[in-house]
Amino acid sequence: MTDSFFTTRRTSFVAGMRDTIPMVVGATPFGIIFGAFAVTEAGLSFWGAMGFSLFVFAGSAQFIGATLLAQGTGIGVIVLTTFIVNVRHALYGASLAPYMKHLTQRWLLPLGFWLTDETYATVVGNWSKSKEPQPNMEWYHFGSSILMYVNWNFWTLVGVLFGSRFENAAQWGLDFAMIVTFTGIVVPLLVNRPMVVCAVVAGVAGVAFNGLDNNLGLLVASVLAIAAGYLAEEYTRRNENNRLQSNTPITDAGGE
Amino acid sequence: MEELWLILGMTAVTFGVRYPSLALVGRMQLSDGVIRALRYVPVAVLTAIIVPYMLFRDEVFVISYTNSYLVAGIVAALVSWRSKNLLLTIGAGLVFFFAYRMLLGFIA
């Protein structure tokens, strides 16, 4: 193995971390709030609260799980709800999978465990810059994952230990860092009409179904938007085929 | 003890959703249609996250100049559309967002 081989691995790893920085900033207040909420309202022990962040590692599912626990909901219902909240990750996995065919389980297991909205968005944003999959992209993915994981657990710990001092963390506006990053990733992807249709349906349906419990609105809106984009693409293609056919000279001129 | 079972259960279903599609789908022969549909996942999911996030403040639907998430979100989208530059979009969006909130603070 040559020097440059390691350099590119390290460069990819560092680039993955660097590109995840805004996401990490955005996740910070939620980590603190989760930690504080888990030990105060939800009544989890120190290791119970940390266990959520160390092993479950799923922001919105952890919040919903802790909230249900605070309300005295049974374990079975909480676990089922966690599943519903996280189902969208199956879409992420499926959308990444074609690019990850060559990876061994040694890679797929940890990258699967660490798959979050933020890392998914970062990885997709990186791919959309270049047509070809990059050589060390699993290192890029790994860099993004590990930074999200360490950051989430660090701020959970801060929240668990000192949560009461950060009562207004939700008001800081740091969460906008995540919103602005997702925006900067999505807008350049809107390169044709089907993509625009997909985005419009996602936005409208996301708002319309926002009232559904357990992130179900997000799931419904995502599925509708994927279907809308796909159908718009089919429609465009069919129209183009028709136009091609109608442009071919008609030798058998009849009628007129 | 109850905590342990809860964490085990939540970990199992979360990993059970994330890992299999990542590991298996790449090894399956997907139809052309499925592959094309999957290309819409990033735009679909990320848009369905950000649009309601910008429009709902404390679970109330707010279309107003006082909604800094909405105003700054639109500014960021415009910067992204004109520049196609992620870093510029993040920088400009965040600067605008915090400046705008300060401004709103002075008005209110």
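Residues numbered from 1 in each chain as written. Chains lettered and ligands numbered in written order. Predicted model: local features only at pLDDT ≥ 70, side-chain atom pairs only at ≥ 80, totals over all residues.

Student: Could you clarify how one ought to interpret the overall build of chain B in this entry?
Tutor: What chain B contains, in helices and strands, is five helices and two strands. Relative to a compact globule of 108 residues, whose C-alpha radius of gyration would be 13 Å, chain B shows 20 Å and is clearly more extended. Counting all 108 residues of chain B, 42% fall into the buried class. (Helix = DSSP H or I, 4+ residues; strand = E, 2+ residues; numbered from the N terminus. Rg over C-alpha atoms; globule rule 2.2 N^0.38 Å. Buried ≥ 20, exposed ≤ 12 C-beta atoms within 10 Å, placed from the backbone.)

Student: I'm lost on the overall build of chain A in this one. Help?
Tutor: In terms of helices and strands, chain A carries eleven helices and zero strands. Start at the N end of chain A and walk to the C end: the helices and strands fall as α-α-α-α-α-α-α-α-α-α-α. Seen through its C-alpha atoms, chain A measures out along the principal axes to roughly 85 × 55 × 35 Å. In chain A, once contacts between residues fewer than 6 apart in sequence are set aside, the share between residues at least 24 apart is 77%. (Contact = placed C-beta atoms within 7 Å.)

Student: What is the right way to read the interface of chain B and chain A from this model?
Tutor: In many analyses, interface size is given as the accessible surface area lost on bringing the parts together. Listed per partner, the contact involves 57 residues of chain B and 73 residues of chain A. Within the residue set of the side of chain B that touches chain A, elements represented by two or more residues are α1 (2-24), α2 (32-38), α3 (41-55), α4 (68-83) and α5 (86-107) of chain B. Taken together, the residues that form the side of chain B that touches chain A break down as 40 nonpolar, ten polar and seven charged. (Nonpolar A, V, L, I, M, F, W, Y, C, P; charged D, E, K, R; others polar.)

Student: Just checking my understanding: could you explain the packing of helix α5 (residues 88-96) of chain A against α1(B) for this structure?
Tutor: For any two helices packed against each other, one specifies the inter-axial angle together with the distance between the axes. At a minimum axis separation of 7 Å, α5(A) and α1(B) run at an interaxial angle of 20°. With respect to α1(B), the element α5(A) is oriented roughly parallel. Here the hand of the crossing between α5(A) and α1(B) comes out right-handed. Across the interface between the two elements, A:His89, A:Ala90, A:Gly93, A:Ala94 and A:Leu96 from α5(A) touch B:Val17, B:Arg18, B:Ser21 and B:Leu22 from α1(B). A breakdown of the residues in the contact of α5(A) with α1(B) according to their chemical character gives five nonpolar, three polar and one charged. (Axes fitted to C-alpha atoms, helices over the stretch in contact; angles between N-to-C directions. Parallel < 35°, antiparallel > 145°, perpendicular 65-115°, else oblique. Left-handed = near helix turned anticlockwise from the far one by under 90°.)

Student: Is there a simple way to think about unusual backbone geometry in this case?
Tutor: With glycine set apart, most residues show a phi of negative sign, and most peptide bonds adopt trans. Look at A:Phe57: it is not a glycine, yet its phi comes out positive at around 50°. Position of A:Phe57 among the secondary structure elements: in the loop between α2 (46-56) and α3 (59-70). Of the residues examined, A:Phe57 has 24 C-beta atoms within 10 Å and is grouped as buried. Notably, B:Asp58 is not glycine yet its phi reads approximately 50°, a positive angle. Structurally, B:Asp58 is set in the loop between β1 (56-57) and β2 (60-61).

Student: Is there a simple way to think about the nonpolar core in this case?
Tutor: Nonpolar side chains tend toward joint burial in soluble globular proteins. In this structure, A:Ala38, A:Cys198, A:Ala202, A:Ala225, B:Val43, B:Ala44 and B:Ala48 are the most contacted members of the largest nonpolar core, which totals 108 residues. Among the elements that make up this core, the one with the highest residue count is helix α1 (residues 3-40) of chain A (13 residues). (Core = buried A, V, L, I, M, F, W, Y, C linked by C-beta atoms within 7 Å.)

Student: It is not clear to me how the confidence of the model for chain A should be interpreted in this structure. Could you clarify?
Tutor: Overall, the prediction assigns chain A a mean pLDDT of 88, with 92% of residues at 70 or greater. Low pLDDT, under 50, characterises residues 252-256 of chain A; the predicted model gives this stretch zero contacts beyond four residues in sequence or across chains. (pLDDT = per-residue confidence, 0-100.)

Student: Teacher, can you tell me more about the environment of A:Gly65 here?
Tutor: Tracing the backbone through its elements, the reader meets A:Gly65 in helix α3. Judged by the 29 C-beta atoms lying within 10 Å of it, A:Gly65 falls in the buried class. Residues A:Gly65 and A:Asn241, spaced 176 residues apart in sequence, show a C-alpha to C-alpha distance of 50 Å. Sequence-distant contacts of A:Gly65, that is, excluding residues within four places in its chain, are made with A:Ile78, A:Thr82 and B:Met10.

Student: Teacher, can you tell me more about the confidence of the model for chain B here?
Tutor: As a general rule, the predicted coordinates of low-pLDDT regions are not to be interpreted in detail. All names here are of chain B. Looking at chain B, the pLDDT average stands at 92 and 99% of residues meet or exceed 70. The lowest-confidence element of chain B is α2, averaging 89 in pLDDT; the highest-confidence one is α4, averaging 97. As scored by the predictor, the complex reaches a pTM of 0.84 and an ipTM of 0.91.

Student: Which parts of the structure should I look at to understand the packing of helix α4 (residues 75-86) of chain A against α1(B)?
Tutor: The geometry of α4(A) relative to α1(B) is characterised by a closest axis approach of 9 Å and an angle of 25° between their N-to-C directions. It follows that α4(A) is roughly parallel to α1(B) by the angle criterion. When the axes of α4(A) and α1(B) are compared, the crossing they make is right-handed. Contacts from A:Ile75, A:Ile78, A:Val79, A:Thr82, A:Phe83 and A:Asn86 of α4(A) reach α1(B) at B:Glu2, B:Trp5, B:Leu6, B:Gly9, B:Met10, B:Val13, B:Thr14 and B:Val17.

Student: For this particular structure, what's the right way to read the environment of B:Thr11?
Tutor: The residue B:Thr11 is located in helix α1 in this model. Every residue in contact with B:Thr11, bar those within four places of it in the chain, is listed here: A:Phe55 and A:Val56.

Student: What is the right way to look at the environment of B:Val75 in this model?
Tutor: All names here are of chain B. Its location among the elements puts Val 75 in helix α4. Judged by the 19 C-beta atoms lying within 10 Å of it, Val 75 is partly exposed. Once residues within four sequence positions are removed from consideration, Val 75 is found in contact with Gly 93 and Phe 96.

Student: Teacher, can you tell me more about helix α6 (residues 105-113) of chain A here?
Tutor: For an α-helix, the turn length of 3.6 residues means that residues three or four places apart are oriented alike. Looking only at α6(A), the buried set comprises A:Leu108, A:Leu111 and A:Gly112. Down the axis, α6(A) shows its buried residues gathered within 100° of arc, on one side only. As for α6(A), its buried residues are in contact with α5 and α8 (137-162) of chain A together with α1 of chain B. (Arc of directions from axis to C-beta.)

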